[in-house]
Amino acid sequence: MAESGGNPFFSCRSCRNPLALRDDLISKKFVGKTGPAYLFSHAMNIIVGQKEDRKLISGVFSVADIYCSNCGEVLGFWVTVDLVAGPRLYSCCNCRNHVSLHDDIISKAFQGRHGRAFLFSHAMNVVVGAKEDRHLLTGLHTVADIHCGDCREVLGWKYERAYEASQKYKEGKFIFEKSKIVKEDW
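Residues numbered from 1 in each chain as written. Predicted model: local features only at pLDDT ≥ 70, side-chain atom pairs only at ≥ 80, totals over all residues. Heavy atoms only, no water.

We now examine the confidence of the model for the chain. Caution applies to low-pLDDT parts of the model: their predicted coordinates are not meant to be read in detail. The pLDDT averaged across the chain works out to 86; a share of 90% of its residues lies at or above 70. Counting contacts from residues 1-5, a segment whose pLDDT is below 50, to residues more than four positions away or on other chains yields 14 contacts. (pLDDT = per-residue confidence, 0-100. Contact = heavy atoms within 4.5 Å.)

Written out as structure tokens, the structure is:
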């Protein structure tokens, strides 16, 4: 991954797909297969591969390789969590692909195309589509549909740009339609 020039996020070195916010960087003091590695609290626009037990420097962990959702480049790995004791996750309603954390909900007071929707600060395992201008209930926005990284179901959209000053807080955030996601094991 390489930091994009001046932007507050890290992106895929191969295709420049945004992957993680600079604010989510926890540590730069890790070592990966090919050299220095970074630890992030959240990631976006990734696909999580098969889970396996792997011996790392600090012990044996259950991990899954992560791939860029745009170009398929191997980016590193995700240390999996025990869902019973771990974070509360939301998954795609079709394939159960994990798409967001409950802790990342900003608001449940949104309206989607198919009813109620939630605003999230982060998303994972999703593919961001083409940008387009849409007239929404709160005015004109530039948005991009978000699709499940596994089954390609449209789950909602990402706010790319808000034209009204009062709506700027939505930029870079994600809408998930309530009917398109399910709570995962909680």
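Here serine 69 lies in the loop between β7 (59-68) and β8 (74-79). Engagement of the side chain of serine 69 in a polar contact is seen with the side chain of asparagine 17, the distance being 3.4 Å. Every residue in contact with serine 69, bar those within four places of it in the chain, is listed here: Asn17, Asn45, Ile46, Ile47, Val126 and Val127. (Helix = DSSP H or I, 4+ residues; strand = E, 2+ residues; numbered from the N terminus. Polar contact = N/O pair within 3.5 Å; in protein donor to acceptor, adjacent residues only side chain to side chain.)

All right, on to a positive patch on the surface then. On the surface, Arg88, Lys108, Arg116, Lys178 and Lys183 cluster together to form a positively charged patch. A relative accessible area of 41% places lysine 178 in the partly exposed class. (Patch = residues over 30% accessible without salt bridge, like charges linked within 9 Å, V, L, I, M, F, W, Y side chains within 5 Å. Areas by Shrake-Rupley, 256 points an atom, 1.4 Å probe, with all protein chains shown as cover. Salt bridge = Lys/Arg side-chain N within 4 Å of Asp/Glu carboxyl O. Lys, Arg positive; Asp, Glu negative; His and termini not counted. Charge placed at Lys NZ, Arg CZ, Asp CG, Glu CD. Buried < 20%, exposed > 50% of the residue type's maximum accessible area, 1.4 Å probe, protein only.)

With that settled, the discussion passes to the pairing of strand β4 (residues 25-32). In the sheet, β4 pairs with strand β5 (residues 35-40) via 5 bridges, with the strands oriented antiparallel. Bridge assignment links glycine 32 to a residue of β5, and that residue is glycine 35. Hairpin connection, β4 to β5: the antiparallel pair is bridged by 2 residues. (Pairing = 2+ DSSP bridges.)

This paragraph deals with the sheet that holds strand β13 (residues 126-136). Overall, antiparallel pairing links the 6 strands, which are arranged β11-β12-β16-β15-β14-β13 in an open sheet. Each end of this open sheet is capped by a strand with a single partner; those strands are β11 (105-112) and β13. Taken pair by pair, the neighbouring strands of this sheet meet at an average axis angle of 30°, ignoring direction. Both strand β14 (residues 139-148) and strand β15 (residues 154-162) contribute to a ladder of 7 bridges, which runs antiparallel. Across the sheet, the residue bridging to isoleucine 146 is glycine 156, located in β15. (Axes fitted to C-alpha atoms, helices over the stretch in contact; angles between N-to-C directions.)

Counting 15 residues, the largest nonpolar core has Phe120, Val126, Leu155, Phe174, Phe176 and Ile181 as the members making the most contacts within it. Those elements that place two or more of their residues in this core are β9 (89-92), β12 (115-120), β14 and β16 (174-177). With residues up to four places along the chain from it excluded, the contact list for valine 126 reads Asn45, Ile46, Ser69, Val99, Ile146, His147, Gly149, Leu155 and Phe176. Core analysis: the next-biggest nonpolar cluster, separate from the first, contains 7 residues, Ala117, Leu119, Trp157 and Ile175 among them. (Core = buried A, V, L, I, M, F, W, Y, C linked by side-chain atoms within 4.5 Å.)

The next point concerns the pattern of salt bridges. Taken as a whole and judged by the stated rule, the model has 8 salt bridges. Aspartate 65 serves as the salt-bridge partner of arginine 54, at 3.0 Å between the closest nitrogen and oxygen. Pair noted here: arginine 54 is in strand β6 (residues 46-56) and aspartate 65 is in strand β7, with a separation of 11 residues, a long-range link. Overall, the relative accessible area of 13% leaves arginine 54 in the buried class. For aspartate 65, a relative accessible area of 19% translates into the label buried. Here lysine 158 ties to glutamate 160 by a salt bridge, and the two come within 4.0 Å at their closest N and O atoms.

Roughly 1600 Å³ of volume is contained in the largest pocket. Forming the walls of the largest pocket are 45 residues, and the residues nearest its centre are Ala37, Tyr38, Ile66, Gly76 and Phe77. Both domains that meet at the lining of the largest pocket, namely domain 1 (9-80) and domain 2 (89-183), each give it at least three residues. In this model, the second largest pocket occupies a volume close to 440 Å³. Pro18, Met44, Lys158, Glu160 and Gly172 are, among the 19 residues lining the second largest pocket, the residues nearest its centre. Residue assignment for the lining of the second largest pocket shows that the elements contributing at least two residues are β3 (18-21), β13 and β15. Both domains that meet at the lining of the second largest pocket, namely domain 1 (9-80) and domain 2 (89-183), each give it at least three residues. (1 Å grid on protein atoms, 1.4 Å probe; cavity = no way out; pocket = protein on both sides within 12 Å on 5 of 7 lines; lining within 4 Å. Points joined across faces, edges and corners; volume = space filled by probe spheres on them. Domains from an automatic or database assignment.)

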